[in-house]
Amino acid sequence: MTATITFLGGADTVTGSKYLIEHEGQRLLVDCGLFQGYKQLRLRNWNPLPVAPEQINAVILTHAHLDHSGYLPLLVKQGFKGRVHATSGTCDLAAILLPDSGHIQEEDAFFANRHGFSKHAPALPLYTKQEAVDSLKHLHAERQDEWFEPIPGWKARFQPAGHILGAASLLLDVAGRRILFSGDLGRPDDPLMNPPEPPPQADTVLIESTYGDRQHPKEKLFAELGPLLHKLAARGGVAVVPVFAVGRAQAVLHTIAQLKAAGEIPHGLPIFLDSPMAIHTTALFAKHPGEHRLSDQEVHNMDHVATMLETPEQSKSLAKRHGPMVILAASGMATGGRVLHHLAQYAGDHRNMIILTGYQAPGTRGAWLAGGSHTIRIHAQDVAVRAEVVQIESASAHADANQLLSWLHKMPCAPDQVYVVHGEREASDMLRQRIEHEIKWRAVVPEHGSVWPL
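Scoring rules and cut-offs
Residues numbered from 1 in each chain as written. Predicted model: local features only at pLDDT ≥ 70, side-chain atom pairs only at ≥ 80, totals over all residues. Heavy atoms only, no water. Helix = DSSP H or I, 4+ residues; strand = E, 2+ residues; numbered from the N terminus. Polar contact = N/O pair within 3.5 Å; in protein donor to acceptor, adjacent residues only side chain to side chain. Contact = heavy atoms within 4.5 Å. Expected span 1.5 Å × (residues − 1). Buried < 20%, exposed > 50% of the residue type's maximum accessible area, 1.4 Å probe, protein only. Pairing = 2+ DSSP bridges. Axes fitted to C-alpha atoms, helices over the stretch in contact; angles between N-to-C directions. Core = buried A, V, L, I, M, F, W, Y, C linked by side-chain atoms within 4.5 Å. Phe/Tyr/Trp six-rings, centres within 6.5 Å; stacked < 30°, edge-to-face > 60°. Salt bridge = Lys/Arg side-chain N within 4 Å of Asp/Glu carboxyl O. Patch = residues over 30% accessible without salt bridge, like charges linked within 9 Å, V, L, I, M, F, W, Y side chains within 5 Å. Areas by Shrake-Rupley, 256 points an atom, 1.4 Å probe, with all protein chains shown as cover.

This brings us to the side chain of His 216. By the element assignment, His 216 lies in the loop between strand E11 (204-208) and helix H6 (221-235). A polar side-chain atom of His 216 sits 2.6 Å from the main-chain carbonyl oxygen of His 398. Apart from residues lying up to four places away in sequence, His 216 is in contact with Arg 187, Tyr 211, Glu 393, Ser 396, His 398, Ala 399, Asp 400 and Gln 403.

Turning to helix H7 (residues 248-261), a few remarks are in order. The α-helix winds at 3.6 residues per turn, so residues separated by three or four positions along the chain end up facing the same way. With 14 residues, H7 ought to run about 20 Å at 1.5 Å a step, and its terminal C-alpha atoms sit 20 Å apart, in line with that. Burial runs high along H7: twelve of the 14 residues are buried. Among the residues making up H7, those that are buried are Arg 248, Ala 249, Gln 250, Ala 251, Val 252, Leu 253, His 254, Thr 255, Ile 256, Ala 257, Leu 259 and Lys 260. Structurally, H7 contributes buried residues whose contacts are with H6, strand E13 (271-274), helix H8 (276-284), helix H9 (296-304) and strand E15 (325-329).

Let's shift gears to the sheet that holds strand E20 (residues 417-421). Backbone-to-backbone hydrogen bonds join strands into a sheet, with any given pair of strands oriented parallel or antiparallel. Taken together, seven strands build an open sheet; the order of strands is E7-E8-E9-E10-E11-E20-E21 and the sheet is mixed. With one partner strand each, in any of the chains shown, strand E7 (147-148) and strand E21 (443-444) form the two edges of the open sheet. Pairing geometry for E20 and E21, over two bridges, is parallel. From the neighbouring strand, Val 418 faces E21, where its bridge partner is Ala 443. The strands that helix H14 (residues 425-438) touches are E11, E20 and E21; relative to E20, the one it contacts most, it runs at about 155°.

Taken residue by residue, H8 has Met 277, Ala 278, Ile 279, Thr 281, Thr 282 and Leu 284 as its buried positions. Next to the buried residues of H8 lie helix H4 (88-115), H7, E13, H9 and strand E14 (307-308).

We now examine the nonpolar core. With 76 residues, the main nonpolar core has Val 59, Leu 75, Leu 225, Ile 256, Val 326 and Leu 328 as its most contacted residues. When residues no more than four places from it in sequence are discounted, the contact partners of Leu 225 are Val 252, Thr 255, Ile 256, Leu 259, Ile 355 and Ile 392. Membership of the second largest hydrophobic core comes to 26 residues, among which are Ile 151, Leu 206, Tyr 419 and Val 421.

Turning our eyes to something else, we now look at the packing of aromatic side chains. As enumerated under the stated definition, the model contains six aromatic pairs in all. Ring geometry for Phe 7 against Tyr 19: centres 5.8 Å apart, planes inclined by 75°, an arrangement best described as edge-to-face. Residue Phe 7 is found in strand E1 (residues 4-9), and its partner Tyr 19 is found in strand E2 (residues 18-23); the two are separated by twelve residues along the sequence. Here Phe 7 matches Tyr 19 in class, with each residue buried. When the ring of Tyr 211 is compared with that of Tyr 359, the centres are 5.7 Å apart and the planes differ by 80°; the resulting orientation is edge-to-face. Of this pair, Tyr 211 sits in the loop between E11 and H6 while Tyr 359 is found in the loop between strand E16 (353-356) and helix H12 (365-370), placing the two residues 148 residues apart along the sequence. For Tyr 211, a relative accessible area of 4% corresponds to the buried category.

Enumeration over the complete set of coordinates arrives at 19 salt bridges. For Asp 12, the salt bridge is made with Arg 425, and the minimal N-O distance between the two is 3.3 Å. Of this pair, Asp 12 sits in the loop between E1 and E2 while Arg 425 sits in helix H14, and the two are 413 residues apart along the sequence. Its salt-bridge partner being Asp 213, residue Arg 214 comes within 3.2 Å of it at the nearest N-O pair. A single network of salt bridges, built from pairs that share partners, joins Arg 187, Asp 189 and Lys 220.

So, on to a nonpolar patch on the surface. A cluster of nonpolar side chains, contributed by Leu 43, Trp 46 and Leu 124, occupies part of the molecular surface with about 350 Å² of accessible area. In this structure, Leu 43 sits in the loop between helix H1 (39-42) and strand E4 (58-60). On the basis of relative accessible area, Leu 43 is assigned to the partly exposed category, the value being 44%.

Moving on to the sheet that holds E1. Strands sit in the order E6-E5-E4-E3-E2-E1-E22 across an open sheet of seven strands; the sheet is mixed. Looking at the sheet topology across the chains shown, the edges are occupied by strand E6 (139-142) and strand E22 (451-453). Strand-to-strand twist of the sheet, defined as the mean angle between neighbouring strand axes without regard to direction, takes the value 25°. In this sheet, strand E5 (residues 83-87) lies alongside E4 in parallel orientation, the contact comprising three bridges. Considered in E5, the bridge of Ile 60 is made with His 85.

No statement about biological role is implied by the geometric values presented.
So this is what it looks like as structure tokens:
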């Protein structure tokens with residue numbers, strides 16, 4: 001009997017990654033992500049899966065970002081009983097990310113009910129912080145580069161993918177077939193993370209395509225961020241920097257520490273990291289020294305270059321300060337979290353700056369800002385945007401199109417089939433065309449919900 005794969009997310013879009021592998025009545029879910037961005041995508045989070053969660057035998061996570069792990073508390077809430085296999089780094093980060101996700105959803109529901117701008121009465125969170133904490137009991141750490149059995153007779157192996165702490169590509173051996181999931185691939189020249197390992201031989205490959213239609217600029221984050229913060233300090237403004245708490249927050253902190261040490265920006269320029277999740281993530285770099293490029297001293301500098309704000313009271317106190325100052329806060333696409341309050345506070349002043357540091361999925365506030373919108377909607381209010389908005393291209397943690405192709409090129413032989421996933425439709429199709437034309441492999445962009453034999 002042929003194994004099948006069903007694309008339950010990460011197809012036609014860059015979010016919600018979920019790939020269901022079925023063979024002889026056994027079911028494995030690779031990644032368990034939340035949909036983000038456009039409302040019609042976010043509504044998918046509320047739709048039941050086509051298979052009952054209790055009928056899924058196991059889950060494997062390639063990494064901890066919420067578009068790959070954030071649906072897990074809901075899966076457990078709805079009846080999933082099995083193990084969730086992940087690397088040690090992913091387990092550590094999930095213990096930070098998932099409860100925070102539940103907390104933010106509870107806060108958003110509370111705010112919506114308090115101010116009456118939800119169409120639902122009452123507005124409910126997708127899951128609570130406690131439900132997220134409960135889901136962590138299912139996590140089981142696996143070593144990189146060692147085989148394990150998620151289901152009896154099925155073999156799986158992680159290998160480092162760069163990108164963020166714990167991120168891995170996954171090789172799955174089932175029914176005599178080998179399926180390689182790239183996961184999110186990091187950049188070979190990432191300032192923080194080691195480069196992804198070359199791909200092993202596989203029959204089927206799922207390759208991410210977040211940047212499948214573009215190349216990153218040659219300019220480094222140091223060269224791009226330095227002049228911006230120098231200009232900001234000179235005019236006494238406030239920079240609001242929406243950051244992904246896992247990955248980009250640390251890259252920006254590391255770069256700011258380097259800029260101050262080199263005298264490129266004033267040593268006394270106040271920097272604030274207003275994200276408990278990012279604070280705890282930064283501390284993990286000392287626990288996982290083999291996964292990143294930083295020395296012990298660089299980890300120390302990154303951890304001490306900013307004032308760390310843990311409590312809501314500390315966060316609110318920033319409103320009493322004057323510029324110049326730099327505020328790093330999650331979320332990276334301004335979809336929720338403390339950064340919304342800072343955007344509402346500072347977006348209306350032309351002296352200020354909004355610095356976008358990563359991919360902005362269509363439909364998010366970050367994408368509206370990147371597109372030049374003069375207003376953004378925050379908590380049912382239209383907020384004027386007069387601040388200077390800059391999108392830094394060099395801060396991305398994803399491989400670009402040329403780097404994705406280079407990674408595929410390192411596979412010893414051509415696979416039977418490549419599925420181009422985890423990208424917006426234009427990016428995915430552009431990468432599909434390049435795979436077919438440049439390396440002559442069979443490639444397809446699967447549709448959401450489609451089922452394919454393996």
